[in-house]
Amino acid sequence: MEAAMGLMRRIPPKHSEAALSALLSLLPHHSADLLSQVDQPLQVLCDVDSGKEFILCEYNRDADSYRSPWSNKYHPPLDDGLYPSQELRKLEMEANDVFAVYCDQYYEGGTSSVYIWENEDEGFIGCFLIKKDGSRTADGRRGYLEEGSWEAIHVIEVVPLDEATARYCLTSSVMLSLTTNDDSSGAFNLSGSIRRQMNMDLPVDEGHLCNMGRMIEEMESKLRYSLDQVYFGKTKEMICTLRPPSEPVQTSLSEQTNKRHS
């Protein structure tokens, strides 16, 4: 299992689905652990009732159907599907509206979904998802890449400690993939994933949604910085080491004058 997880950490996100399928056939007795620990590229489906897109994942799946956070209906329809309580459904609807604004401001478009369900410890768990397609064929405001996507998964567990405080356990994963193919950069592919955790005990006087939002915003800033340093920074360092930029030979004015006189 340790070797399988090490392999999946090194597989580009665009090939992780095929790699996971191969591992499941080789290690059927570890299928539950693999499916719960390996993040897969996010898929999007349109909710015909609301006309909005929502993200598919294991957290809104029941059998072969997926629940939409907008209409609270399963696609395809499911008679005995699992639904959040009325109180959590209200929080889920508010979180989806707020997170859609967050996605638009930080990513200039994209698709977001939030799912909330009960936890065994008298608390609840929330899953915040973002999928941004930056390719030329996407509907986003900028399409400079031949292919490109940013997929973020934030799972946060909320456990009440007392009437005024709750413990928040956040696990965040980001999958980045980009491909260019033009005259300026040539054909180039860069992809990878990163996962981090954060635990905080916070007062609940401002509400759970404010606390979760601040933690996710802080975590995403750290993840973006880490990706920039690890993937882009190391790639630039390696390229400059293998192919150092040529330095043009500059001749001073005095040297040019001496050459003329000689």
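Residues numbered from 1 in each chain as written. Predicted model: local features only at pLDDT ≥ 70, side-chain atom pairs only at ≥ 80, totals over all residues. Heavy atoms only, no water.

As recorded in an unreviewed UniProt entry, the chain goes by the name F-actin-capping protein subunit beta, listed as coming from Salvia divinorum. In its Subunit (unreviewed entry) section, the UniProt entry covering the chain states "Heterodimer of an alpha and a beta subunit." The Subcellular location (unreviewed entry) comment attached to the chain in UniProt states, word for word, "Cytoplasm, Cytoskeleton". (UniProt positions renumbered as here; feature names shortened; annotations may be inferred.)

**Q** Before we go on, may I ask you to explain the overall build of the chain in this structure?
**A** A tally of regular secondary structure across the chain gives 6 helices and 10 strands. Across the 262 residues of the chain, 39% fall into the buried class. When the accessible surface of the chain is split by element, carbon and sulfur atoms take 52% of a total near 16,100 Å². (Helix = DSSP H or I, 4+ residues; strand = E, 2+ residues; numbered from the N terminus. Buried < 20%, exposed > 50% of the residue type's maximum accessible area, 1.4 Å probe, protein only. Areas by Shrake-Rupley, 256 points an atom, 1.4 Å probe, with all protein chains shown as cover.)

**Q** Explain the environment of Ala-187 here, please?
**A** Relative to the helices and strands, Ala-187 is located in strand S10 (residues 186-203). A C-alpha to C-alpha distance of 9.4 Å links Ala-187 and Glu-146, two positions 41 residues apart in sequence.

**Q** Explain the sheet that holds strand S9 (residues 165-182) to me, please; I cannot follow it from the model alone.
**A** Paired through backbone hydrogen bonds, the strands of a sheet run either parallel or antiparallel to each other. One open sheet holds the 5 strands; their spatial order is S6-S7-S8-S9-S10, and the pairing between them is antiparallel. Looking at strand neighbours, the two that pair on one side only are strand S6 (111-118) and S10, the edges of this open sheet. Neighbour-to-neighbour, the strand axes of this sheet turn through a mean angle of 10 degrees, independent of strand direction. When S6 meets strand S7 (residues 124-133), the two strands line up antiparallel, connected through 8 bridges. Each bridged residue has a counterpart across the sheet, and for Tyr-115 the counterpart in S7 is Cys-127. Helix H4 (residues 86-107) contacts S6, S7 and strand S8 (147-160) of the sheet and is inclined by roughly 155 degrees relative to S6. Helix H5 (residues 208-242) rests against S7, S8, S9 and S10 of the sheet, and its axis sits at about 145 degrees to S10. (Pairing = 2+ DSSP bridges. Axes fitted to C-alpha atoms, helices over the stretch in contact; angles between N-to-C directions. Contact = heavy atoms within 4.5 Å.)

**Q** Help me understand H5, please; the structure alone is not making it clear to me.
**A** Count 3.6 residues to each turn of an α-helix, and residues three or four apart come out pointing the same way. Helix length check: H5, at 35 residues, gives a terminal C-alpha distance of 50 Å against a target of 51 Å (1.5 Å per residue), a fit within 8%. At Gly-233, H5 shows its largest kink, close to 30 degrees. Every buried residue of H5 is listed here: Leu-209, Asn-211, Met-212, Met-215, Ile-216, Met-219, Glu-220, Leu-223, Ser-226, Leu-227, Tyr-231 and Thr-235. (Expected span 1.5 Å × (residues − 1). Bend = angle between axes of the 7 residues up to and from the residue.)

**Q** What is the right way to look at the sheet that holds strand S4 (residues 65-67) in this model?
**A** Strands sit in the order S3-S4-S5 across an open sheet of 3 strands; the sheet is antiparallel. In this open sheet, the two strands that pair with only one neighbour each are strand S3 (61-62) and strand S5 (74-75). Bridge analysis of S3 against S4 gives 2 bridges, and the strand direction is antiparallel. By the bridge assignment for S4, Asp-62 is matched with Ser-65.

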